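The residues making up each chain are set out below.
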Amino acid sequence: MSSHSDRIRDQFTRQAVPFSQAPNIRNEEALARIVRMADAGPDDTILDVACGPGLLACAFAPVVHHVTGIDATPAMIEQARALQESRGIANVAWDLGEVPPLPYADGAFSIVTCRFSFHHMLDPLAVLKEMGRVCAGRVVVADMTPAAPAADAFNAAEKLRDPSHVRALPREELLDLFARAGLGVARTESYRLENELEDLLSRSFPEPGDADRLRKIYADSLANDALGVAIRRDGDKLRFGLPVSVIVGQPILAGGHDCPPC
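Quick summary incoming for the structure in this document. (Residues numbered from 1 in each chain as written. Predicted model: local features only at pLDDT ≥ 70, side-chain atom pairs only at ≥ 80, totals over all residues. Heavy atoms only, no water.)

Quick notes on the nonpolar core
The biggest cluster of nonpolar side chains holds 55 residues, and the ones touching the most others in it are Phe-60, Val-67, Trp-94, Tyr-218, Val-229 and Phe-240. Residues contacting Phe-60, with those up to four places away along its chain left out, are Ile-34, Val-35, Ala-38, Ala-40, Ile-46, Val-67 and Thr-113. In terms of nonpolar packing, the next biggest core, distinct from the first, is built from 26 residues, Ile-70, Leu-169, Ala-181 and Leu-183 among them. (Core = buried A, V, L, I, M, F, W, Y, C linked by side-chain atoms within 4.5 Å. Buried < 20%, exposed > 50% of the residue type's maximum accessible area, 1.4 Å probe, protein only. Contact = heavy atoms within 4.5 Å.)

If you want it as structure tokens, here you go:
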């Protein structure tokens, strides 16, 4: 691949269907958690950055005025449109594009979200600043947040599984990123995204030989949970929970005050 953007499109073109159909990615409780934490209502206009197959955008649609989803991978936008059509949703639009920059005016949306994508960003601070620029209300990021002592091992394993992975930030670093982007943190929640290794590998596209390397890394982690994923054996399966944080922030106005909710 000639660039990181190429790796993203390559991986997510292949992942588009299996990712969009994975039960833990489609989990309605996890999607509803983000909608609830965003405090979304009928007057809100939403932008979902790196929207993937449109699951979060379509979860927002019934409770808000309008949703826009943007993603860099055409195959993901195709999945998003198919989901929208299957649900008969009229108030969602899709754009094809990369970030940064975002092709929208300052303060164009009342809520701006990004789910399970920051670990693919080469410059997550630049992305978060762009999200804040186009936001007049609340910025919501949900992503894997490994515990700091396990972060290096976790990220090395994820890079083997998905060559487009860059780095999942520990929760403390993601919170610091909000501060550096000029966003005051309003609320946070954490949970575990449950997985089974072979199921996860079945919808992943590692380089030749890396799946077996990953199996060994996860098996070795049983001794000390070096990956920080609460791994355990269940018969012939390896089950684990990826740590996820959801962070809601608001742009800080001149003088150090958060902007009022929209």
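Don't stop here, the text continues.
Focus on the environment of Gln-250
Structurally, Gln-250 can be placed in strand β8 (residues 237–251). Sequence separation of Gln-250 and Cys-135 is 115 residues, and the distance between their C-alpha atoms is 8.4 Å. (Helix = DSSP H or I, 4+ residues; strand = E, 2+ residues; numbered from the N terminus.)

Side note on the packing of aromatic side chains
Considering all chains together, one arrives at three aromatic pairs under this definition. With 6.5 Å between their ring centres and 85° between their planes, Phe-12 and Phe-19 make a pair best called edge-to-face. Relative to Phe-240, the ring of Tyr-218 has its centre 4.8 Å away and its plane inclined at 50°; by these criteria the two rings are tilted. One end of the pair, Tyr-218, is in helix α10 (residues 210–221); the other, Phe-240, is in strand β8, and 22 residues separate them in sequence. Note on Tyr-218: relative accessible area 1%, which makes it buried. Residue class for Phe-240 comes out buried when judged on its relative accessible area of 0%. (Phe/Tyr/Trp six-rings, centres within 6.5 Å; stacked < 30°, edge-to-face > 60°.)

So, the layout of surface pockets
What the largest pocket holds in volume is close to 870 Å³. Lining the largest pocket we find 46 residues, and of these Phe-12, Ala-50, Phe-116, Ser-117 and His-120 sit closest to its centre. When contributions to the lining of the largest pocket are tallied by element, the ones reaching two or more residues are α1 (4–21), α2 (23–26), β1 (45–49), α4 (55–60), β2 (66–71), α7 (151–161) and β6 (183–196). Among the residues making up the lining of the largest pocket, the classes are represented as 23 nonpolar, 14 polar and nine charged. (1 Å grid on protein atoms, 1.4 Å probe; cavity = no way out; pocket = protein on both sides within 12 Å on 5 of 7 lines; lining within 4 Å. Points joined across faces, edges and corners; volume = space filled by probe spheres on them. Nonpolar A, V, L, I, M, F, W, Y, C, P; charged D, E, K, R; others polar.)

Considerations on the environment of Gly-52
Mapping Gly-52 onto the fold places it in the loop between β1 and α4. Note on Gly-52: relative accessible area 8%, which makes it buried. Along the backbone, Gly-52 and Leu-200 are 148 residues apart, and their C-alpha atoms lie at a distance of 17 Å. With sequence-adjacent residues up to four places away left out, Gly-52 is seen in contact with Asp-71, Met-76, Ile-77 and Ala-80.

Here we look at the packing of helix α6 (residues 124–133) against helix α8 (residues 171–180)
It is at 9 Å that the axes of α6 and α8 come closest, and there the two elements cross at 50°. Taken together, α6 and α8 sit at an angle that is classed as oblique. Remark: the crossing between α6 and α8 carries right-handed chirality. Residues Pro-124, Leu-125, Leu-128 and Lys-129 of α6 pack against Leu-177, Phe-178 and Arg-180 of α8. When its residues are assigned to classes, the contact of α6 with α8 shows five nonpolar, no polar and two charged. (Axes fitted to C-alpha atoms, helices over the stretch in contact; angles between N-to-C directions. Parallel < 35°, antiparallel > 145°, perpendicular 65-115°, else oblique. Left-handed = near helix turned anticlockwise from the far one by under 90°.)

A closer look at the pairing of strand β3 (residues 92–96)
Two elements, β2 and β3, share five bridges in a ladder whose sense is parallel. Among the inter-strand pairings, Asp-71 is bridged to a residue of β3, identified as Leu-96. Crossover connection from β2 via helix α5 (residues 74–87) to parallel β3: handedness right-handed. (Pairing = 2+ DSSP bridges. Right-handed = clockwise from strand over helix to strand, strands pointing away.)

A short note on α6
Counting buried positions along α6 gives seven out of 10 residues, so the element sits mostly inside the fold. Every buried residue of α6 is listed here: Pro-124, Leu-125, Val-127, Leu-128, Glu-130, Met-131 and Gly-132. Where α6 is buried, its residues touch β1, β4 (109–115), β5 (135–144), α8, β6 and β8.

Structural notes on the side chain of Ser-245
Mapping Ser-245 onto the fold places it in strand β8. Here Thr-145 takes part through its side chain, which lies 2.8 Å from a polar atom of the side chain of Ser-245. Here Ser-245 is in contact with Val-141, Ala-142, Asp-143, Thr-145, Arg-171, Glu-189 and Ser-190, once residues within four sequence places are set aside. (Polar contact = N/O pair within 3.5 Å; in protein donor to acceptor, adjacent residues only side chain to side chain.)

Structural notes on the pairing of β1
Regular strands place their side chains on alternate faces of the sheet. With respect to burial, β1 is a largely interior element, four of its five residues being buried. In terms of strand pairing, β1 meets β2 through five bridges, oriented parallel. For Asp-48, the partnering residue across the bridge sits in β2 and is Gly-69. As a crossover connection, the stretch from β1 through α4 into β2 is right-handed. Sheet analysis places β1 next to β4, joined by four bridges and oriented parallel. Bridging from a neighbouring strand, Val-49 pairs with Cys-114 of β4.

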